[in-house]
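Here is how the chains run, residue by residue.
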2 protein chains.
Amino acid sequence: MPVDRLSLAELRRQEPLLAAHVGPFGYFASGDHQVDPRKLAQALIERLDIQRTAAVAVAPGMVQLADGNQFFADEVIVANGLAAGTLLGLPVPLPLRPVHGDILRLGVPQALRPLLTHTVRGLVHGSAVYLVPRDDGTVVIGATQREDQQTGISAGGVYQLLRDAQALVPAVAELELLESTARARPGTPDNSPLLGRVSAGLIVATGMFRHAVLLTPAIAKICLEILAGAPDPQWDQFAATRFSTEGLSTKEPR
Amino acid sequence: MPVDRLSLAELRRQEPLLAAHVGPFGYFASGDHQVDPRKLAQALIERLDIQRTAAVAVAPGMVQLADGNQFFADEVIVANGLAAGTLLGLPVPLPLRPVHGDILRLGVPQALRPLLTHTVRGLVHGSAVYLVPRDDGTVVIGATQREDQQTGISAGGVYQLLRDAQALVPAVAELELLESTARARPGTPDNSPLLGRVSAGLIVATGMFRHAVLLTPAIAKICLEILAGAPDPQWDQFAATRFSTEGLSTKEPR
């Protein structure tokens, strides 16, 4: 994706509501895109006819749901994010930890539309913040990273998001706060994915941290490679067994 | 109510989580109380068997609801806050304007309980902010005053509340944001109530701005005086007819 360094004046021609003092220059990624996680999840649920019941256990070729139902298949792919770590029946432990994040959804008054026409990312007081304009006239502001075990929405997190977003785009103060949410992303000890086969009939694809939604197509493609038995060796670094001595000991010498 | 000036050290003995730099001194109102508006409203609804349908018109001794039902009585007291200004049938116009305010409700983690044992009020950057600890372990933070016609929750308002509350009590950053709400209070041209008889069989009691909940018992007592035909003359300054030339012209000379 091409990235060009632009002066502040050039950036403000792209986004007139950027603060006058955000810095001497910035970067413009002309091929940047966005994915709406809610639309993506809804589309996947509809296309794949996904069961909305949590899985509690897996075995090679078998998934058991919380309601007692069992499903059988030649292959099972464990891709349920943070919940993967609590599944029974996995041949290796999955060392996932929750990294909480707060996200705000804001409405833009008619007089200020469009607030932005590109996703704006910045670093304010050392914290990353982004503003994503959606087609429906709302703006999504994210995202804090907390490992404080607080599963609810953090008052300090909301404060930080509003403070930092206003530093980039002062008109954020004029928006309507429609929704605050907090979610946990699945982190791993090295913050890289857990991706690969753990036994015959059982593949793991989780631990994507903040990036699961954006990586969905790439992960699906790699899973197809694994299913076909010929994954690119570059994915070996993400082996789901890499934190397990058990997993390592059964690994074939290369 | 007795109010004592206390040094910061003395205040912090009362409230150990007050910021170390809030100022050289503060005031302690030992007889301060609080009212939970939700509990009060619920209790009134239950005790008075209140209809939950909006009133659309009044006349002396009559109230008409939006569902078409009419209620008759010797006297009608118009006390429906901001909505009083839109009632049909009033002999004088009620000059009420909406003054919007944002309020936050936050949960206190077990390790920080009790965050506060008194209501804390402060002035930060010239803005008033208060923190009210509730029996259930939550804290209410309010309240902004906006006349910006924005009926939703203001992102700038939430930011200001969190910023100013943290300036008084830094641990606010550790709380969980449970709820953000915005409501409009009924303001009048001089920000004093509209309180008194406007015609035989019709009394008005509205325009209490931010203070309706706290004033409820006093307003009820004054309404009883008006019903008895002998209100204290000190309430004449709040006459509901004072902004109406029509109302003034029909007033008896004194």
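What you see is a predicted model, and the numbers here were worked out from it, not measured in a lab. (Residues numbered from 1 in each chain as written. Chains lettered and ligands numbered in written order. Predicted model: local features only at pLDDT ≥ 70, side-chain atom pairs only at ≥ 80, totals over all residues. Heavy atoms only, no water.)

**A look at the sheet that holds strand E9 (residues 127-133) of chain A**
All names here are of chain A. Inclusion rule: Think of it this way: DSSP has to see at least two bridges between two strands before they count as a pair. Think of it this way: any DSSP run of H or I at least four residues long counts as a helix, any run of E at least two long counts as a strand, and we number them from the N terminus. Here an angle of 0 to 180 degrees is reported between the N-to-C directions of two axes, which are lines fitted to C-alpha atoms, with helices fitted over the stretch in contact.
Here we have five strands laid out as an open sheet, ordered E8-E9-E10-E7-E11, and antiparallel in their pairing. In this open sheet, the two edge strands, each paired with only one partner strand, are strand E8 (120-124) and strand E11 (176-187). Within this sheet the neighbouring strands show an average axis-to-axis angle of 20°, counted without direction. In this sheet, strand E10 (residues 138-142) lies alongside strand E7 (residues 97-107) in antiparallel orientation, the contact comprising four bridges. Counterpart to leucine 104 in the pairing with E10 is isoleucine 141.

**As for the interface of chain B and chain A**
The condition that has to hold: Pairs of residues are marked as contacts when any of their non-hydrogen atoms sit within 4.5 Å. Values labelled buried area give the accessible surface lost by two parts on being combined, using a 1.4 Å probe and summing over both. Whenever Lys or Arg places a side-chain nitrogen within 4 Å of a carboxyl oxygen from Asp or Glu, that contact is recorded as a salt bridge. In protein, a polar contact requires one atom able to donate a hydrogen and another able to accept it; more generally it is a pair of N or O atoms within 3.5 Å, and residues adjacent in sequence count only if both atoms are side-chain atoms. Under the grouping applied here, Gly and all other residues not named as nonpolar or charged are polar, the nonpolar ones being Ala, Val, Leu, Ile, Met, Phe, Trp, Tyr, Cys and Pro and the charged ones Asp, Glu, Lys and Arg.
Tallying the contact residues gives 19 residues for chain B and 19 residues for chain A. Together chain B and chain A conceal approximately 1400 Å² of surface at their shared face, both sides included; 61% is due to carbon and sulfur atoms. When the area that chain B buries against chain A is broken down by residue, the three leading residues are B:Ala155, B:Tyr159 and B:Leu177, summing to 38%. At the junction of chain B with chain A, the criterion picks out zero salt bridges. Run the count over chain B and chain A and you get eight residue pairs in polar contact (both at pLDDT 80 or more). A total of seven residues in the side of chain B that touches chain A trace back to one element, the largest contributor, which is helix H3 (residues 155-168) of chain B. Here the side of chain B that touches chain A is built from residues that sort into ten nonpolar, six polar and three charged.

**Overview of the relation of the copies chain B and chain A**
The criterion, for reference: A least-squares superposition brings the copies together, and it is based on the C-alpha atoms of residues with pLDDT no lower than 70 in both.
Relative to chain A, chain B is turned by 180° and slid 0.0 Å along the rotation axis, the superposed coordinates differing by an RMSD of 0.0 Å. Such a turn and shift between the copies fits a two-fold axis. When each C-alpha of chain B is compared by its distance to the rotation axis, B:Tyr159 comes out closest, at 2.9 Å. Interface overlap between copies: 100% of the residues of chain B at the interface are likewise at the interface in chain A, consistent with a symmetric, same-surface contact.

**Quick word on the UniProt feature "domain: FAD dependent oxidoreductase" (unreviewed entry) in chain A**
Defined as follows: UniProt positions are given in the numbering used here, feature names are shortened, and annotations may be inferred rather than shown by experiment.
In the numbering used here, UniProt assigns the feature "domain: FAD dependent oxidoreductase" (unreviewed entry) to residues 4-223 of chain A. In residues 4-223 of chain A, helix accounts for 20% and strand for 34%; the two terminal C-alpha atoms are 33 Å from one another.

**A word on the pattern of salt bridges**
All names here are of chain A. Spelled out, the test is: Only protein chains enter the accessibility calculation, which uses a 1.4 Å probe; a residue is then buried when its area is under 20% of its type maximum, exposed when over 50%, and partly exposed in between.
Evaluation of the coordinates by the stated rule reveals 18 salt bridges over all chains. The partner of arginine 97 in a salt bridge is glutamate 147, and the shortest N-O contact between them spans 2.9 Å. Taken together, the residues span a long stretch of sequence, with arginine 97 in strand E7 and glutamate 147 in the loop between E10 and helix H3 (155-168) at a distance of 50 residues. The class of glutamate 147 is partly exposed, set by a relative accessible area of 46%. Across the pair arginine 146 and aspartate 148 runs a salt bridge, and its minimum N-O distance is 2.8 Å. Of the residues examined, aspartate 148 reaches a relative accessible area of 34% and is grouped as partly exposed.

**Quick notes on the domain arrangement of chain A**
Size of an interface: often given as the accessible area lost when the parts come together. Residues and elements named next belong to chain A. Rules: The split of the chain into domains comes from an automatic or database domain assignment.
The domain boundaries assigned to chain A delineate domain 1 (39-96 + 190-238) and domain 2 (98-185). Averaged C-alpha coordinates put domain 1 and domain 2 at centres separated by 29 Å. Listed as interface residues are four residues of domain 1 and, on the opposing side, seven residues of domain 2. Between domain 1 and domain 2, the buried area comes to about 570 Å², and carbon and sulfur atoms account for 59% of it. Among the residues of domain 1 in contact with domain 2, Leu82, Phe209 and Arg210 are the three that bury the most area, contributing 89% of the side total. There are zero salt bridges connecting domain 1 and domain 2.

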